[in-house]
Amino acid sequence: MAQSALFSTEKSILQEIQIPRLSARGIRILVKRDDLIHPVVSGNKWRKLKYNLEQAMHKKSAGIFTFGGAFSNHLVATAHACQQAVIPCVGFVRGDELSSDANETLQMCADLGMQLRFLSRASYAMRNDKQYIDSLRQEYPAYYSIPEGGANYYGLIGCQEIWGEIPYKIDHAFVAQGTTTTSCGLLSAKPAATRLHVIPVLKGFDAMREMTSLLRWFYMDDEITHEVVGEAVIHSDYHFGGYAQYDRELVQFMHEMHSEYDVPLDPIYTAKAFYGMLQVLAAPDYDNQTVMFYHSGGLQGGARIAQREGLEWYPSKG
Ligand SMILES: *Cc1c(COP(=O)(O)O)cnc(C)c1O
């Protein structure tokens, strides 16, 4: 399949939602629905893979290997993309107690043809170590390696393209943050007048430091990198206890967003970011502003958690 068709983002609409208390203040909310790009694969993960895959093909790589946790949206995305592009792929998974039938995420990766290798936590901790990666490449010669979460230069430039699909002047944009790749892509390509607001989903996360180390690859200059990172507004209080943690209030919020505004969210990333955004927008500074929420996807993982917990947060309509 051609690259362009594989990474088509045609289905990602810009949805305007009317939240009465915000509309009354002249605040316009637009949701960039990258969750609609693909029914299973998390939207921002496509964006991060696009140029990595192109690079692998360019180098005539024999295959691709990458890294992820037991519920990784990135592993599923890589497995899908490699199946479509007919490139062999290997996923190194955190946890040597796991197997491909441990959960539906891993099962899906295996079904898509990804070879799964389970690493001890000690080995997995070395996933970004160049020597360790070289040692893995001895087993998989001429394989192209993609870091966990697609967090590299090519992932970043793929996320810059989001702005090309936004035909309005945006005053404030909000995005959930994990590895920082998506937020760094948005930050480095945003229109000068747009403020980027970042909501980390990890507790105790040094967003500034992580963004600096990734953007350094893009700008190749410490001073410019520092300046750009300084433009991001970081809201660190909406992690709900840390990665994959959530409470009743968040679940209630997800119900409301889905039933009232037709925006399905996931409990790990997008619900926290959307919740945080609404809290931030309560301040009077945002009157008459146009706001974009970047919906990065993740609904499949969210649905699986809901199933496991016996909860239903995407009630079927009508
Ligand atoms: C992976 C993921 C993120 C995190 O993106 P980063 O580029 O790692 O910061 C955000 N939202 C969803 C739904 C994801 O799957």
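The preceding data block contains the structure.
Notes on the structure in this doc start here.

Reading the values: rules and limits
Residues numbered from 1 in each chain as written. Predicted model: local features only at pLDDT ≥ 70, side-chain atom pairs only at ≥ 80, totals over all residues. Heavy atoms only, no water. Helix = DSSP H or I, 4+ residues; strand = E, 2+ residues; numbered from the N terminus. Rg over C-alpha atoms; globule rule 2.2 N^0.38 Å. Buried < 20%, exposed > 50% of the residue type's maximum accessible area, 1.4 Å probe, protein only. Areas by Shrake-Rupley, 256 points an atom, 1.4 Å probe, with all protein chains shown as cover. Pairing = 2+ DSSP bridges. Right-handed = clockwise from strand over helix to strand, strands pointing away. Axes fitted to C-alpha atoms, helices over the stretch in contact; angles between N-to-C directions. Contact = heavy atoms within 4.5 Å. Near = heavy atom within 4 Å. Polar contact = N/O pair within 3.5 Å; in protein donor to acceptor, adjacent residues only side chain to side chain. Core = buried A, V, L, I, M, F, W, Y, C linked by side-chain atoms within 4.5 Å. Parallel < 35°, antiparallel > 145°, perpendicular 65-115°, else oblique. Left-handed = near helix turned anticlockwise from the far one by under 90°. Nonpolar A, V, L, I, M, F, W, Y, C, P; charged D, E, K, R; others polar. Phe/Tyr/Trp six-rings, centres within 6.5 Å; stacked < 30°, edge-to-face > 60°. Lys NZ or Arg CZ within 6 Å of the ring centre and 35° of its normal.

**Overview of the overall build of the chain**
So, step 1. The number of helices and strands found in the chain is 14 helices and 10 strands.
So, step 2. Relative to its length of 318 residues, the chain is compact, with a C-alpha radius of gyration of 19 Å against a globular reference of 20 Å.
So, step 3. For the C-alpha atoms alone, the extent of the chain along its principal axes is close to 60 × 50 × 40 Å.
So, step 4. By residue count, 55% of the 318 residues in the chain fall in the buried class.
So, step 5. Here the chain displays about 14300 Å² of accessible surface, and carbon together with sulfur accounts for 49% of that area.

**Structural notes on unusual backbone geometry**
So, step 1. Positive phi outside glycine occurs at Ala142, with the angle close to 60 degrees.
So, step 2. Here Ala142 shows up in the loop between α7 (130-139) and β6 (143-146).
So, step 3. Its identity is not glycine, yet Thr180 carries a phi of approximately 85 degrees, on the positive side.

**Structural notes on the pairing of strand β4 (residues 89-94)**
So, step 1. In terms of burial, β4 is a largely internal element, five of the six residues being buried.
So, step 2. Here strand β3 (residues 63-68) pairs with β4 via five bridges, running parallel. Paired with Phe67 across the two strands is Phe92, which belongs to β4.
So, step 3. Relative to strand β5 (residues 115-119), β4 runs parallel, the two being bridged by five bridges. Each bridged residue has a counterpart across the sheet, and for Arg94 the counterpart in β5 is Leu119.
So, step 4. Handedness of the β4-helix α5 (residues 104-111)-β5 crossover: right-handed.

**Details of the sheet that holds β5**
So, step 1. In spatial order, the strands read β5-β4-β3-β6; together these four strands make up an open sheet with parallel pairing. The sheet is open, and its two edges are formed by β5 and β6, each paired on a single side. Between one strand and the next, the sheet's axes are offset by a mean angle of 25 degrees, whatever the strand orientation.
So, step 2. Strand contacts of helix α3 (residues 43-58): β3 and β6, with the helix running at about 160 degrees to β6, the strand carrying the most contacts.

**Details of the site of the ligand**
So, step 1. Residues in close proximity to the ligand total 15 residues, the closest being Lys45, Lys48, Thr179, Thr182 and Ser296.
So, step 2. Contact distances for the ligand include 3.0 Å between an oxygen atom and a backbone N or O atom of Thr180.
So, step 3. Separating an oxygen atom of the ligand from a side-chain N or O atom of Thr182 is a distance of 2.6 Å.
So, step 4. Contact with the protein chains covers 98% of the free accessible surface of the ligand, which is 390 Å².
So, step 5. Those elements giving two or more residues to the shell around the ligand turn out to be α3 and α9 (181-189).
So, step 6. When residues in the shell around the ligand are grouped by element, the largest group, three residues, is from α3.

**Quick notes on the nonpolar core**
So, step 1. Of all hydrophobic cores here, the largest spans 33 residues; its most connected members are Ile17, Ile29, Met257, Phe274 and Met277.
So, step 2. Every residue in contact with Ile29, bar those within four places of it in the chain, is listed here: Gln15, Glu16, Ile17, Leu22, Met277, Leu281 and Val291.
So, step 3. Membership of the second largest hydrophobic core comes to 29 residues, among which are Leu6, Val41, Ala56 and Leu112.

**Some details on the packing of α3 against helix α4 (residues 73-85)**
So, step 1. Two elements in contact, α3 and α4, have axes separated by 10 Å at closest approach and are oriented at 45 degrees. Classified by the angle between their axes, α3 and α4 sit oblique to one another. Like other packed secondary-structure pairs, α3 and α4 cross with a definite hand, here right-handed. For the pair formed by α3 and α4, the contact residues are Lys45, Trp46, Leu49, Leu53 and Met57 on the first element and Asn73, His74, Ala77, Thr78, His80, Ala81, Cys82 and Ala85 on the second.
So, step 2. Broken down by class, the residue content of the contact of α3 with α4 amounts to eight nonpolar, four polar and one charged.

**Quick word on the packing of aromatic side chains**
So, step 1. Per the counting criterion, the structure on display carries 18 aromatic pairs.
So, step 2. Note on Tyr153 and Tyr154: the rings are 5.2 Å apart at their centroids and 85 degrees apart in plane angle, and the pair reads as edge-to-face.
So, step 3. Judged by its relative accessible area of 31%, Tyr153 is partly exposed.
So, step 4. Classification of Tyr154 by relative accessible area gives partly exposed; the value is 24%.
So, step 5. For the pair Phe240 and Tyr275, a centre-to-centre distance of 5.1 Å together with 80 degrees between the ring planes defines the contact as edge-to-face. Taken as a pair, Phe240 in the loop between β9 (233-234) and α12 (248-261) and Tyr275 in helix α13 (residues 270-281) lie far apart in primary sequence, 35 residues in all.
So, step 6. Positioned over the ring face of Tyr168 is Arg28, at 4.8 Å from the centre of the ring.
So, step 7. Directly above the aromatic system of Tyr269 lies the positively charged group of Lys45, at a separation of 5.6 Å from the ring centroid.

Note that every value here comes from positions in space, so none of it alone points to a role or purpose.
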